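Breakdown of the fold
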Amino acid sequence: MGLETLKPIPFVDMARLHAPIQDALHTAALRVIDSGRFIGGEDVRGFEREMAATLGTPEVCSASCATLGLFAVLKCMGIGPGDEVITTPHTAIATAEAISLTGAQVVFGDLQPGYFNLDPAQAEARITPRTRAIIPVHLYGQPADMDAFVRLTDKHQLMLIEDCAQAQGARHKGRRVGTIGHAGVYSFFPSKNLGGFGDGGAVVARDPALMKRIRMFCDHGRTSKYMHEFEGVNSRLDTLQAALLRVCLPHLDEWNACRARAARWYDEDLAGIPEVTRPRVLPDTDPVYHVYAIQVPRRDDVQARMKEHGVETGIHYPHALNTLPAYTHLQQGKGSFPNAEQACAHVLSLPMHPSITRDEVKEASERLRAVCASLR
Ligand SMILES: *Cc1c(COP(=O)(O)O)cnc(C)c1O
């Protein structure tokens, strides 16, 4: 079969995902438009309540995005200039950005060997008297080694903040990520597992007093209409987003189960391709496969040929944060975090979304097998 006749396999497919709930989405959007109320209101409170119920937490605070949600958490923990916060260099820049925005110093630690998340041992090695918090990221929807992080942050009396932007719904030993540390942050960026229709995010915190402060911080430090107890930011979830997310939220677990099923299909279909390293899952975790990231040699060539074969792939992420111009001031260029750099050079995210079919996974895998053979 000529390449031009191959059926394209998209990386994600929003239209397919939303088709069954299209009417409900339209109804919700029109309800908000017709209400004339676009900030706050019952949809925002209702969404927060419903999300809290899915997490088994008393409260959720919605935010304009995860970046500012993380910033709010750090600020409200009193973290700022002179402090250090440890995180992974293999993440979206938002994680590190939120730390720098407080005036605190970003401190990177390398990845756990064989996995894509921050290594607790590497994090421990980076602790100094200035360290205030650790932010593990549940990258790709794979829970980080939370037992180790809880032990570590207890031992050193540090704050433990979970970046769950890619992992909403994932579990570690039966507990939902975000509810294990002192605080957890979620993103509703459209491509995330609970994607909105624009930007959005949410925060949970174990301490009710901290939660109250975060809620105020995200709304200009406001206690009532023109009364401000401290300066905060404008980081609210739009009413329209909340109303639409209320339609999607009840489907999240089912969507995540579809992702996990697709991951099992890939696991089967990719076995026996010698070039491909499949993602490893930490014991006692239920990942939610925001992406299915394999590792391959000659990754860029593989990606280019996959594109020729009609398979859209992604790279999360091509650069370790420490190697970016934004972090040259840390003076930790190439070579500082070998595991992260090894990951950045070899990861390739295959098509993954809740409505991907058995045939699409099989086809994508067969085309990958052919591409790998052609590059031998
Ligand atoms: C998407 C993402 C963020 C940022 O989320 P926004 O809602 O876009 O601000 C933070 N951390 C990780 C790991 C992400 O994937």
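Criteria and cut-off values
- Residues numbered from 1 in each chain as written.
- Predicted model: local features only at pLDDT ≥ 70, side-chain atom pairs only at ≥ 80, totals over all residues.
- Heavy atoms only, no water.
- Helix = DSSP H or I, 4+ residues; strand = E, 2+ residues; numbered from the N terminus.
- Buried < 20%, exposed > 50% of the residue type's maximum accessible area, 1.4 Å probe, protein only.
- Near = heavy atom within 4 Å.
- Polar contact = N/O pair within 3.5 Å; in protein donor to acceptor, adjacent residues only side chain to side chain.
- Areas by Shrake-Rupley, 256 points an atom, 1.4 Å probe, with all protein chains shown as cover.
- Nonpolar A, V, L, I, M, F, W, Y, C, P; charged D, E, K, R; others polar.
- Pairing = 2+ DSSP bridges.
- Axes fitted to C-alpha atoms, helices over the stretch in contact; angles between N-to-C directions.
- Contact = heavy atoms within 4.5 Å.
- Right-handed = clockwise from strand over helix to strand, strands pointing away.
- Phe/Tyr/Trp six-rings, centres within 6.5 Å; stacked < 30°, edge-to-face > 60°.
- Expected span 1.5 Å × (residues − 1).
- Arc of directions from axis to C-beta.
- Domains from an automatic or database assignment.
- Buried area = accessible area lost by both parts, 1.4 Å probe.
- Salt bridge = Lys/Arg side-chain N within 4 Å of Asp/Glu carboxyl O.

**Let's talk about the environment of R151**
- Of note, R151 is situated in helix 7 (residues 146-155).
- What makes R151 exposed here is its relative accessible area of 57%.
- For the pair R151 and P120, spaced 31 residues apart in sequence, the C-alpha separation works out to 9.6 Å.

**Notes on the site of the ligand**
- In the vicinity of the ligand lie 15 residues, with A66, T67, D163, S187 and K192 positioned nearest.
- T67 places a polar side-chain atom, nitrogen or oxygen, 2.5 Å from an oxygen atom of the ligand.
- A distance of 2.8 Å separates a nitrogen atom of the ligand from a polar atom in the side chain of D163.
- Here the ligand, which alone exposes 390 Å², has 91% of that area covered by the protein.
- Where the shell around the ligand is concerned, the elements lending two or more residues are helix 4 (66-76) and helix 5 (93-101).
- A per-class count over the shell around the ligand returns 7 nonpolar, 6 polar and 2 charged.

**Side note on the pairing of strand 9 (residues 201-205)**
- Most of strand 9 sits out of view: 5 of its 5 residues are buried.
- Looking at chain direction, strand 1 (residues 61-63) and strand 9 are connected through 3 bridges and run antiparallel. Across the sheet, residue S62 finds its bridge partner in strand 9, namely A202.
- Pairing analysis gives 5 bridges linking strand 8 (residues 183-187) to strand 9, with the strands arranged antiparallel. Considered in strand 9, the bridge of V185 is made with V203.

**What to know about the sheet that holds strand 8**
- Strand order in this open sheet of 7 strands is 1-9-8-5-4-2-3, and the pairing throughout is mixed. Sheet topology places strand 1 and strand 3 (105-108) at the edges, where each strand pairs with a single neighbour. Pairwise comparison of adjacent strand axes, ignoring direction, gives a mean angle of 25 degrees for this sheet.
- The strands that helix 7 touches are strand 4 (131-135) and strand 5 (159-163); relative to strand 5, the one it contacts most, it runs at about 155 degrees.
- Relative to the sheet, helix 8 (residues 208-217) contacts strand 1 and strand 9, its axis offset from that of strand 9 by approximately 155 degrees.

**Considerations on the pairing of strand 3**
- The pairing of strand 2 (residues 84-87) with strand 3 spans 4 bridges and is classified as parallel. What sits directly across from E84, in strand 3, is Q105.
- Viewed along the sheet, the connection from strand 2 through helix 5 into strand 3 turns out right-handed.

**Topic: the packing of aromatic side chains**
- Within the structure shown, the criterion is met by 7 aromatic pairs.
- Ring plane angle 65 degrees and centroid distance 5.0 Å describe the contact between F116 and Y140, whose orientation is recorded as edge-to-face. In this pair, F116 is assigned in the loop between strand 3 and helix 6 (120-125) and Y140 in the loop between strand 4 and helix 7, connecting sequence segments 24 residues apart. Assigned by exposure class, F116 and Y140 land together as buried.
- Between Y266 and Y292, the ring centres sit 4.8 Å apart and the planes meet at 25 degrees, which makes this aromatic pair stacked.

**Let's talk about the environment of L6**
- The residue L6 is located in the segment before helix 1 (14-18) in this model.
- When its relative accessible area of 15% is taken as the criterion, L6 is described as buried.
- Separated by 304 residues in the primary sequence, L6 and G310 place their C-alpha atoms 6.4 Å from one another.

**Concerning helix 2 (residues 22-35)**
- Under the 1.5 Å per step criterion, the end-to-end length of helix 2 is 20 Å for 14 residues, consistent within 8% with the ideal 20 Å.
- Considered for burial, the residues of helix 2 that qualify are L25, A28, A29 and V32. All buried residues of helix 2 fall inside an arc of 95 degrees around its axis, so they share one side. Exposed positions of helix 2 whose direction lies more than 90 degrees from the buried face are D23, T27 and D34.
- The elements touched by buried residues of helix 2 are helix 1, helix 3 (42-55) and helix 9 (239-248).
- Following helix 2 by one or two positions, G36 has its phi on the positive side, about 75 degrees.

**Concerning the domain arrangement of the chain**
- By the assigned domains, the chain splits into domain 1 (18-250) and domain 2 (251-374).
- Put simply, the middle of domain 1 and the middle of domain 2, counted by C-alpha atoms, are 24 Å apart.
- The largest contributions to the domain 1 side of the interface with domain 2 come from Y115, Y140 and N193, which together make up 20% of the buried area.
- In this assembly, domain 1 and domain 2 are joined by 1 salt bridge.
- D253 is the partner of R176 in a salt bridge, and the nearest nitrogen-oxygen pair spans 3.0 Å.
- Here domain 1 is connected to domain 2 by 19 residue pairs in polar contact (both at pLDDT 80 or more).
- When residues of the side of domain 1 that touches domain 2 are traced back to their parent elements, those giving at least two are helix 5, strand 3, strand 6 (171-172) and helix 9.
- Split into classes, the residues belonging to the side of domain 1 that touches domain 2 amount to 22 nonpolar, 16 polar and 8 charged.

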